[in-house]
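Residue-level structure breakdown
Chain by chain, the residues run as shown.
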Amino acid sequence: MIRISNTMTRTKEEFTPLASGEVRMYVCGVTVYDYSHIGHARSAMVFDVIRRYFTFKGYRVTFVKNYTDVDDRIIKRANDAGVTAREFAERFIQAEREDMASLGVLAPDVDPKATEHVGEMIRLIEQLVASGHAYPIEGDVYFAIRSFPPYGRLSGKNLDELLAGARVEVDERKRDPRDFALWKGAKPGEPAWDSPWGRGRPGWHIECSAMAMKYLGATFDLHGGGEDLIFPHHECEIAQTEACTGKPFARYWVHNGMVNMGKEKMSKSLGNTLNIREIVKRHDPDALRLWMLGTHYRNMIEWSEERVEESARALERLARLFHDAAAARDGGGPAPLPPAFAEFRPRFERAMDDDFNTPQVLGVLFDFGRALADARDRGAGGPGAFIAGVDELVRLARVLGLFGRATTTDGPPAEVQRLLAARGEARARRDFRRGDELRDEIGRLGWLVEDTPAGPRLTPKGR
RNA sequence: GGCGGCGUAGCCAAGUGGCUAAGGCGGAGGUCUGCAAAACCUCUACUCAGCGGUUCGAAUCCGCUCGCCGCCUCCA
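As the structure is a computational prediction, the values presented were derived from the model and not from experiment. (Residues numbered from 1 in each chain as written. Chains lettered and ligands numbered in written order. Predicted model: local features only at pLDDT ≥ 70, side-chain atom pairs only at ≥ 80, totals over all residues. Heavy atoms only, no water.)

Remarks on the protein's contact with RNA strand B
Near RNA strand B you find 68 residues, and of these R73, W204, G226, L229 and D377 are the closest. Among the atoms of RNA strand B close to the protein, meaning within 4 Å, 68% are from sugar or phosphate groups. Within the side chain of N299, a nitrogen or oxygen atom sits 2.9 Å from a phosphate oxygen of RNA strand B. Separating a base nitrogen of RNA strand B from a backbone N or O atom of P359 is a distance of 3.4 Å. When residues in the surface near RNA strand B are grouped by element, the largest group, eleven residues, is from helix α12 (residues 358-378). Residue composition of the surface near RNA strand B, by class: 17 nonpolar, 22 polar and 29 charged. (Near = heavy atom within 4 Å. Polar contact = N/O pair within 3.5 Å; in protein donor to acceptor, adjacent residues only side chain to side chain. Helix = DSSP H or I, 4+ residues; strand = E, 2+ residues; numbered from the N terminus. Nonpolar A, V, L, I, M, F, W, Y, C, P; charged D, E, K, R; others polar.)

The following block contains the structure:
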């Protein structure tokens, strides 16, 4: 039984899907006017892991993540760059896909773009206008907040206090200063679509309502995003959608914590972002993931090169097991998992079931790793047992998105083999000086030589 | 000002009423080794920001104080 912290109820709730055996989830994606940063990476990895875990538990998962490809900043930057907003957005959509793939994040089942769903949005807005939840003014359309009493429930905002503390300049045309735009009349030079209220473009919040409904239905299981989206974005999504359908929108609201730079939140507007593509030049994606998952997804995490490097060291300990298992593999059929290693999967599931407690899960994986190394060193159960154990570890780690790439090696190149043999001869002559030279030379070719009781072991450096 | 979150070892980080307070990094010692490396073993918080309270019992619940962060405006 999976339990999930639901932002809506502020409690950890038992997860029951709407349709048995099926999970439908929607995650808010990025506004594509720049390269994705580590904060986006966190959100992506968090929901990637949640999705993978649902799949691991046997659910059929439909995962939708959108692109916001029309927005003030996209328009402005596209103008500055002298290209169309569409071209500009497309460039960063491509970049985002590359970045996410480089992090081992699985592609969504559907990744809709706002600009390709304007028709759906217009129909939604029409319904809202018809039912009195929205009103047009001079080419704009606003959502009437007072027509939806539950507004504020998700974010825990009190409407009166919201008004009192409002920092936004008041638009006198609005019936209520808290009303938000569903449709914005076009200014000259902006991308625009025809609508019953004249040419214009959709407001931000309406796109997620329209796309989530289109691909997942009026009610679906899980809606996710960064915690900075709780208000106003998700609050407004709920208002629009539920005012329109009269049905509950998402059943579980899941929000990930922010990535901080120092003490401050990493955000595009603060200009303190670190792009994913810069980071993957310096760090193994698995090390990044291990670092991210070492903090519970709801807590804030502070960016630190040092912490990521520490994670890389921790990762190496596990990676070494894979190489040893690969080396010991003899092509025989898979051995059954020895009882000594049977405790780890239940522990893994218990931790994941409890609101995707990945830090605890990692503890289980490292315990598992130690047990495996111990078995390997003592020769307990023979190589078959060791290999079966490593396979199990890899299966569990992959639910976290770790070790998704090939973990077996192609074996050392002939040149390395030749040098290793020469080193063996030198050492047999007790010519250790020559032996160490050869070891250094092999090292320069990217392979680490270690002497074990069973003979020398070769490991590719940096996995 | 309103709402929410956090403060656990040198660092990172789980645990949220009761066995010895996970795990990672770092550090110390040991086994192994020609030397290494790796691995494994042992040790590294009598204590959970501080002060009160509830309880047979609290890091875990309640109150207050101090410090930090987020949202209330675009933001993952």
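Some details on the sheet that holds strand β7 (residues 180-185)
Spatially, the four strands line up as an open sheet ordered β5-β6-β7-β8, and their pairing is antiparallel. Of all the strands in the sheet, just β5 (134-137) and β8 (200-202) have a single pairing partner and so form its edges. When strand polarity is set aside, the average angle formed by the axes of neighbouring strands in this sheet is 20°. The sheet contact formed by strand β6 (residues 140-143) and β7 spans three bridges and is antiparallel. Bridging from a neighbouring strand, F143 pairs with F180 of β7. (Pairing = 2+ DSSP bridges. Axes fitted to C-alpha atoms, helices over the stretch in contact; angles between N-to-C directions.)

Overview of the pairing of strand β1 (residues 3-6)
Judged from the four bridges that link them, β1 and strand β2 (residues 11-14) form a sheet pairing that is antiparallel. Within the sheet, the bridge partner assigned to N6 lies in β2 and is T11. Counting the residues between successive antiparallel strands, the hairpin from β1 to β2 contains four residues, one of them, R10, with a positive phi of roughly 55°.

Focus on the domain arrangement of chain A
Annotation of chain A at the domain level lists domain 1 (18-278), domain 2 (313-399) and domain 3 (414-460). Using C-alpha coordinates to define each centre, domain 2 is positioned 29 Å away from domain 3. The interface is formed by four residues belonging to domain 2 together with five residues belonging to domain 3. Here domain 2 meets domain 3 over a buried area of about 340 Å², counting both sides, of which 44% is carbon and sulfur. Contact with domain 3 buries surface across domain 2, with R320, H323 and D324 losing the most and accounting together for 96% of the total. Taken together, the links from domain 2 to domain 3 amount to two salt bridges. We note a salt bridge from R320 to E450, for which the minimum N-O separation is 2.9 Å. In this structure, the connection of domain 2 to domain 3 is made through two residue pairs in polar contact (both at pLDDT 80 or more). When residues in the side of domain 2 that touches domain 3 are grouped by element, the largest group, three residues, is from helix α10 (residues 305-328). Class assignment of the residues belonging to the side of domain 2 that touches domain 3 gives a composition of no nonpolar, one polar and three charged. (Domains from an automatic or database assignment. Contact = heavy atoms within 4.5 Å. Buried area = accessible area lost by both parts, 1.4 Å probe. Salt bridge = Lys/Arg side-chain N within 4 Å of Asp/Glu carboxyl O.)

Concerning the pattern of salt bridges
Counted according to the given criterion, the structure contains 45 salt bridges. Residues D48 and R52 are paired through a salt bridge, measuring 2.9 Å at the closest nitrogen-oxygen approach. One end of the pair, D48, and the other, R52, are both in helix α1 (residues 38-56), four residues apart, so they sit about a helical turn from each other. Note on accessibility: D48 and R52 belong to one class, buried. Taking the shortest distance from any N to any O, the salt bridge between E415 and R418 comes out at 3.4 Å. Placement of the pair is E415 and R418 together in helix α14 (residues 414-428), with a separation of three residues, close to one helical turn. Each of R320, D324, R376, D377, E450 and R457 takes part in a single network of salt bridges with overlapping partners. (Buried < 20%, exposed > 50% of the residue type's maximum accessible area, 1.4 Å probe, protein only.)

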